[in-house]
Amino acid sequence: MNSDKKQLFRQLFKIVTPIAFQYLMSSLVTASDAFMLGFLDQDSLAAASLAGQIAFVFSLFFGAFVFGLTVLAAQYWGKGDVATVRKVLAITMRYTLFVGLLFTLATFFIPEKIMYFFTKDPVLIADGARYLQTVALSYILGGFSQVYFGIMKICDKASLSSLIGSLAVVVNIILNACFIFGLGPFTKMGIAGAALATVLARVFECLFVLVMILMKKCISFSIKELFITLDKTLVKDYWKYTLPLLINQLGWGGGVTMYSVIMGHLGSDATAANSIASIVRSMIASLCWGIASGVGIIIGGMLGRNELDKAKKAGGIFVRFSILIGAGSGIVILILTPFILKVVTLTPQAHEYLKYMMFMAAYYIIGNSLNSTIISGIFPAGGDTRFGMICDVITLWCVVVPLGMLSAFILKLPVLVTAFILTLDEFVKLPAVYHHYMKYGWVKNITREKQS
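This write-up is about the structure you can find in this document. (Residues numbered from 1 in each chain as written. Predicted model: local features only at pLDDT ≥ 70, side-chain atom pairs only at ≥ 80, totals over all residues. Heavy atoms only, no water.)

**Comments concerning a nonpolar patch on the surface**
- On the surface, Leu 403, Met 405, Leu 406, Phe 409, Ile 410, Leu 411, Leu 413 and Val 417 cluster together into a nonpolar patch covering about 650 Å² of accessible area.
- The biggest single contributor to the nonpolar patch is helix H15 (residues 386–410), with five residues.
- Secondary-structure assignment places Phe 409 in helix H15.
- Classification of Phe 409 as partly exposed rests on a relative accessible area of 31%. (Patch = residues over 30% accessible without salt bridge, like charges linked within 9 Å, V, L, I, M, F, W, Y side chains within 5 Å. Areas by Shrake-Rupley, 256 points an atom, 1.4 Å probe, with all protein chains shown as cover. Salt bridge = Lys/Arg side-chain N within 4 Å of Asp/Glu carboxyl O. Helix = DSSP H or I, 4+ residues; strand = E, 2+ residues; numbered from the N terminus. Buried < 20%, exposed > 50% of the residue type's maximum accessible area, 1.4 Å probe, protein only.)

**Here's the deal with the pattern of salt bridges**
- By the definition in use, this model includes seven salt bridges.
- Several salt bridges converge on common partners, so that one network encompasses Asp 392, Glu 426 and Lys 429.

**Brief notes about the packing of helix H2 (residues 42–79) against helix H4 (residues 111–118)**
- Relative orientation of the contacting elements H2 and H4 amounts to 105 degrees, with a least axis distance of 10 Å. Here H2 lies roughly perpendicular to H4, going by the angle between them. Residues Ala 47, Leu 50, Ala 51, Gln 53 and Ile 54 of H2 lie in contact with H4, whose contacting residues are Ile 114, Met 115 and Phe 118.
- Split by residue class, the contact of H2 with H4 holds seven nonpolar, one polar and no charged. (Axes fitted to C-alpha atoms, helices over the stretch in contact; angles between N-to-C directions. Parallel < 35°, antiparallel > 145°, perpendicular 65-115°, else oblique. Contact = heavy atoms within 4.5 Å. Nonpolar A, V, L, I, M, F, W, Y, C, P; charged D, E, K, R; others polar.)

**Examining the packing of helix H3 (residues 82–109) against helix H6 (residues 138–154)**
- Interhelical geometry of H3 versus H6 gives an angle of 155 degrees and a closest axis separation of 7 Å. In terms of axis orientation, H3 runs roughly antiparallel to H6. When the axes of H3 and H6 are compared, the crossing they make is right-handed. Between H3 and H6, the contacting residues are Val 85, Leu 89, Thr 92, Met 93, Thr 96, Leu 97, Gly 100, Leu 101, Phe 103, Thr 104 and Thr 107 on the first element and Tyr 139, Ile 140, Gly 143, Phe 144, Val 147, Tyr 148 and Ile 151 on the second.
- Taken together, the residues of the contact of H3 with H6 break down into 12 nonpolar, six polar and no charged. (Left-handed = near helix turned anticlockwise from the far one by under 90°.)

Honestly, it's all geometry; don't read function into it.
As structure tokens, then:
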């Protein structure tokens, strides 16, 4: 390995290690919810899994907004234009807090109607509604902290965002145990306890971020720009790159949510098994997602400095590396499968489903690693946000979701056949993604010379 490549990987892992660790720790919260609620009963586990889809849908919004932040801010940071980075931060925070408020109000006032979309089971609706109403405040609080985690990663403070996020996870897991089971002086709250623990963890995150801002450990923004647009050109640039990302996120996320809707209508056994398999896959995929995020930041910085040839070569190195990471992640899932099957508490039928769903997760993650690096890292780094939108929306809504619904509701094929169909999306779009990557339309500097 030559010195340039060694330097590139050192830079990558300096960024990726705290980001991947933060992703992993976040996944541990979901895992602890499932593990602890599984001790209560399978209905609590299934209800929390379905109700958790609302947090997933919200993450699509703030994910797109933070994605847009990364596209612009990474290049301006690479260029050394800190003033514009602050403006992009304010713009991102404005839209994230607005959407967070909408989710908070909806889950607090109409939780039963929201749950009815995912399942017709009255027990799951009642338990899920209790969870949603308790967790409502976490959306607006989480929006604030997630935007700051995004800007910290760009501004060479990835380790700080990882520290805050990881400590919040520890707080969340400890409070999970206290509130779910009623440990010590706490009242046993069951599924509502898991929701309350999430809210308090978000409070912890926000307070920690505010302290860091006051200590000048991370950049701040003008409160005035939350309400008044001072740089209309920058706002226009922000939406130019964010809107396709938002459509992509909602299209992709809506498709993934439809997976849960499909599995949720196949019964509690299918829902519980799918929940466990998804949690494990998310935990193992933390490194893949961290690499995609780090790749976007590194290549974005190169492009902002007009190092176009260097960015092109780095892209090739990262693509090949993502395949190796995906294959290694799949092997890890296969190794963990026997242990997971021993420790989870499920009905015999759900246990059987889980065994095969874990195998599906193992090969799925290979395609996910490669596509994430290219679609979520390399393309947006150069402002190419439209292709991912088109590719994901067509793959999910024209191929995988219709086939899944046909399998589950019309042909009424076995649960595992439906689950298999729902893992095809990464491989259906892979040829088109790689072909578009090789055209190198993403190799460009999108910054402006003058910002007012």
